[in-house]
Amino acid sequence: MDRRILLIIGGGIAAYKSCELVRLLARQGIAVTCVLTDAGAQFVTPMTLATLSGNRVHTSLWDAGEEAEIGHIQLSRAADLVVVCPATADLLARMAGGLAGDLATTLLLATDTPVLAVPAMNVRMWQHPATQRNLATLRADGVTVMEPDEGPMACGEYGPGRLPEPEQIAAEIMRLLPDPLAGQPDFAPDRPRPLHGRHLLVTAGPTHEAIDPVRFIGNRSSGRQGFAIAAAAAEAGARVTLVSGPVALPTPVGVDRVDVESAAEMQAAVIAALPADAAVMVAAVADWRPADAAAGKLPKSALTDTGIRLQPNPDILADLGHHPQRPSLLVGFAAETGDPRASAAEKRARKGADWIVANDVSGDVMGGTANQIHLVTANGAESWPQLPKDEVARRLVARIAEALDGRAHD
Ligand code: C5P
């Protein structure tokens with residue numbers, strides 16, 4: 001079974017990496033048809049892409065011969081997946097606004113095929129509220145957006161905005177493409193995808209609450225358990241949005257990661273990611289934040305003489321539990337020193353969660369690789385053996401898939 005990709009190449013220096021992407025995909029036996037924007041053609045040529053893909057490259061909406069031959073709507077629908085790479089700030093803005101002034105945007109508006117956008121741009125352009133707003137709109141429209149890498153940029157600045165490596169993009173594309181063996185149960189792969197078609201939202205890591213530009217209130221959460229759950233959910237076929245506090249972990253393959261610092265930013269990112277079929281709130285959110293973060297570094301005396309005035313953070317889990325777009329399965333975590341079961345049951349009720357995953361963090365659970373959890377549901381507490389965090393994640397994801405299936409048949 002042939003799998004086909006329509007690859008739209010925008011105008012950024014990262015366009016050269018798309019050539020390598022075409023080569024990698026072709027090697028996997030995937031048919032790639034390229035569309036080059038006018039700006040994209042300033043960076044790579046149609047000839048290069050035609051040679052690498054073995055297919056004609058499309059550039060203009062106004063090619064009468066081509067229009068009669070295939071029609072641009074046809075072009076957008078013949079693919080299993082439309083990939084926009086690099087997705088420049090301008091192209092993302094035009095996509096989010098529903099513009100259709102050239103071949104690329106017309107195809108994107110006319111398509112009924114899943115779309116993956118792989119942004120690449122200058123760090124300030126990436127962080128600009130307009131770009132972030134456009135990304136939230138596109139995600140809400142169902143577009144999968146890959147998080148850019150962080151590092152030195154062609155323009156000399158440093159930060160998030162680099163195109164991920166072609167191998168990583170190819171892995172994400174393979175995840176999103178239909179399984180070539182689907183519908184052939186005799187050859188069914190050993191990799192079941194029970195969360196296919198579901199959207200899972202996961203929070204992970206600590207939050208940092210600024211005292212001043214150099215100091216913060218934080219905690220020892222490593223993010224490992226949340227990242228393992230995001231990875232297991234992606235492996236199970238879900239579209240995964242991972243809202244992560246500051247951690248030193250790589251983004252799991254196939255996961256859309258949104259980096260945040262504070263509880264307030266985490267809450268905004270969680271709400272922006274809705275709707276979701278299930279949310280797993282693993283983050284160790286700081287309960288308090290300094291009432292007024294100082295704009296400049298505070299002198300020592302300011303910290304000792306007057307203390308830091310604190311104010312409570314929003315409870316993201318509880319807010320989601322009572323939100324009009326509450327995911328149909330809402331899972332919270334509860335870390336306590338000592339037996340966490342009683343307080344987990346109380347938290348479950350108070351926060352409006354379906355399940356609470358409770359664990360005793362008196363050992364080295366917070367930075368470590370193993371975890372012993374109790375799954376607290378409406379039916380009571382179920383204690384699991386001590387397991388590696390990856391295994392806890394896989395089991396939990398299997399339970400989530402079962403629960404969502406059950407709800408779908410209600
Ligand atoms: O009340 P406690 O902090 O123990 O609750 C833990 C659960 O609530 C976790 O799922 C955590 O992600 C979530 N939480 C939250 N926002 C807060 C505090 C906790 O989402 N401000």
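Criteria and cut-off values
Residues numbered from 1 in each chain as written. Predicted model: local features only at pLDDT ≥ 70, side-chain atom pairs only at ≥ 80, totals over all residues. Heavy atoms only, no water. Helix = DSSP H or I, 4+ residues; strand = E, 2+ residues; numbered from the N terminus. Rg over C-alpha atoms; globule rule 2.2 N^0.38 Å. Buried < 20%, exposed > 50% of the residue type's maximum accessible area, 1.4 Å probe, protein only. Contact = heavy atoms within 4.5 Å. Pairing = 2+ DSSP bridges. Axes fitted to C-alpha atoms, helices over the stretch in contact; angles between N-to-C directions. Salt bridge = Lys/Arg side-chain N within 4 Å of Asp/Glu carboxyl O. Near = heavy atom within 4 Å. Polar contact = N/O pair within 3.5 Å; in protein donor to acceptor, adjacent residues only side chain to side chain. 1 Å grid on protein atoms, 1.4 Å probe; cavity = no way out; pocket = protein on both sides within 12 Å on 5 of 7 lines; lining within 4 Å. Sits in = over half its atoms within 2 Å of the grid points. Core = buried A, V, L, I, M, F, W, Y, C linked by side-chain atoms within 4.5 Å. Arc of directions from axis to C-beta. Points joined across faces, edges and corners; volume = space filled by probe spheres on them. Nonpolar A, V, L, I, M, F, W, Y, C, P; charged D, E, K, R; others polar. Domains from an automatic or database assignment. pLDDT = per-residue confidence, 0-100. Parallel < 35°, antiparallel > 145°, perpendicular 65-115°, else oblique. Left-handed = near helix turned anticlockwise from the far one by under 90°.

Quick word on the overall build of the protein
Here's step 1: Broken down by element type, the protein carries 15 helices and 21 strands.
Here's step 2: The C-alpha radius of gyration of the protein comes to 23 Å, within 12% of the 22 Å expected for a compact globule of 410 residues.
Here's step 3: C-alpha extents for the protein along the principal axes are approximately 75 × 60 × 35 Å.
Here's step 4: Burial status across the protein gives 49% buried among its 410 residues.
Here's step 5: Long-range contacts, defined here as pairs at least 24 residues apart, represent 67% of the contacts in the protein between residues at least 6 apart.

A closer look at the sheet that holds strand E19 (residues 373-377)
Strand pairing in a sheet relies on backbone hydrogen bonds, with the paired strands running either antiparallel or parallel.
Here's step 1: Pairing within the open sheet is mixed, and its eight strands lie in the order E12-E11-E8-E13-E16-E17-E19-E20. Where the open sheet ends on each side, the last strands, each with one partner, are strand E12 (255-259) and strand E20 (380-383). Direction aside, neighbouring strands of the sheet carry axes that sit 20° apart on average.
Here's step 2: As paired strands, strand E11 (residues 239-244) and E12 are joined by five bridges and run parallel to one another. When the sheet's bridge partners are listed, Val243 is paired in E12 with Val258.

Digging into the pattern of salt bridges
Here's step 1: A full pass over the atoms with the stated rule returns 21 salt bridges.
Here's step 2: Residue Arg394 pairs with Glu391 through a salt bridge whose shortest N-O separation is 3.3 Å. With Arg394 and Glu391 both in helix H15 (residues 389-408) and three residues apart, the pair spans about one turn of that helix.
Here's step 3: What makes Arg394 partly exposed here is its relative accessible area of 42%.
Here's step 4: Glu391 gets classed as partly exposed once you look at its relative accessible area, which sits at 24%.

Topic: the site of the ligand
Here's step 1: Contacts to the ligand come from Met281, Ala283, Val285, Asp287, Pro314, Asp315, Ile316, Leu317, Gly332, Phe333, Lys347 and Lys351.
Here's step 2: Measuring from a nitrogen atom of the ligand, one finds a backbone N or O atom of Ile316 at 3.0 Å.
Here's step 3: Lys351 places a side-chain nitrogen or oxygen 2.9 Å from an oxygen atom of the ligand.
Here's step 4: Judged by the fraction of its atoms near the pocket grid, the ligand is located in the second largest pocket.
Here's step 5: Looking at the shell around the ligand, the elements with two or more residues in it are helix H13 (316-321), strand E16 (329-336) and helix H14 (341-351).

Re the nonpolar core
Here's step 1: Ranked by size, the top nonpolar core spans 37 residues in total, and within it Leu195, Ile229 and Leu396 carry the most contacts.
Here's step 2: Of all the elements in the fold, those that place two or more residues in this core are strand E8 (199-204), helix H10 (224-235), E11, strand E13 (278-281), E16, strand E17 (355-360), E19 and H15.
Here's step 3: Looking at this core, the element that brings in the most residues is H15, giving eight residues.
Here's step 4: In this view, Leu396 contacts Ile229, Val280, Phe333, Trp355, Val357, Leu375 and Trp384; residues no more than four positions away in its chain are not counted.
Here's step 5: Leu24, Leu25, Leu36 and Met146 belong to the second-largest nonpolar core, a separate cluster that totals 29 residues.

Here's the deal with helix H11 (residues 263-272)
Along an α-helix, residues three or four apart share an orientation, since each turn contains 3.6 residues.
Here's step 1: For H11, the set of buried residues is Ala263, Met266, Ala269 and Val270. Angular distribution of buried residues about the axis of H11 spans 125°; they occupy a single face of the element.

Focus on unusual backbone geometry
Here's step 1: Note the cis peptide between Cys85 and Pro86, where omega equals 0°.
Here's step 2: In this model, Leu274 is joined to Pro275 through a cis peptide bond whose omega is 5°.

Focus: the layout of surface pockets
Here's step 1: The calculated volume of the largest pocket comes to roughly 960 Å³.
Here's step 2: Secondary-structure elements contributing two or more residues to the lining of the largest pocket are helix H7 (123-127), helix H8 (129-140), strand E6 (149-152), helix H9 (166-176), E11, E12 and H11.
Here's step 3: Class assignment for the residues of the lining of the largest pocket results in 17 nonpolar, eight polar and nine charged.
Here's step 4: Counting only domains with at least three residues in the lining of the largest pocket, you end up with domain 1 (4-176) and domain 2 (199-408).
Here's step 5: There is about 820 Å³ of room inside the second largest pocket.

Topic: the confidence of the model for the protein
Here's step 1: Confidence along the protein averages 89 in pLDDT terms, with 92% of residues attaining 70 or more.
Here's step 2: In the predicted structure, residues 183-190 sits below a pLDDT of 50 and forms three contacts with residues beyond four places in sequence or in another chain.

Concerning the packing of helix H1 (residues 15-27) against helix H2 (residues 46-53)
Here's step 1: Interaxial distance between H1 and H2 falls to 9 Å at its minimum, and their mutual angle equals 15°. Between H1 and H2, the crossing angle belongs to the class labelled roughly parallel. In this structure, H1 crosses over H2, and the sense of that crossing is right-handed. Here H1 contributes Cys19, Val22, Arg23 and Ala26 to the contact with H2, which in turn contributes Thr48, Leu49, Leu52 and Ser53.
Here's step 2: A per-class count over the contact of H1 with H2 returns five nonpolar, two polar and one charged.

Examining the sheet that holds strand E2 (residues 30-36)
Here's step 1: Sheet architecture is open: five strands sit in the order E2-E1-E3-E4-E5, paired in parallel fashion. Each edge of the sheet is formed by a strand with only one pairing partner; in this case those strands are E2 and strand E5 (144-145).
Here's step 2: The sheet contact formed by strand E1 (residues 3-9) and E2 spans seven bridges and is parallel. Following the sheet pairing, Ile5 is matched in E2 by Val32.

Quick notes on the packing of H1 against H9
Here's step 1: Between H1 and H9, whose axes approach to 9 Å, the crossing angle comes to 50°. In terms of their interaxial angle, H1 and H9 are classed as oblique. The chirality of how H1 crosses H9 is right-handed. For the pair formed by H1 and H9, the contact residues are Lys17, Glu20, Leu21, Leu24 and Leu25 on the first element and Pro166, Glu167, Ile169, Ala170 and Ile173 on the second.

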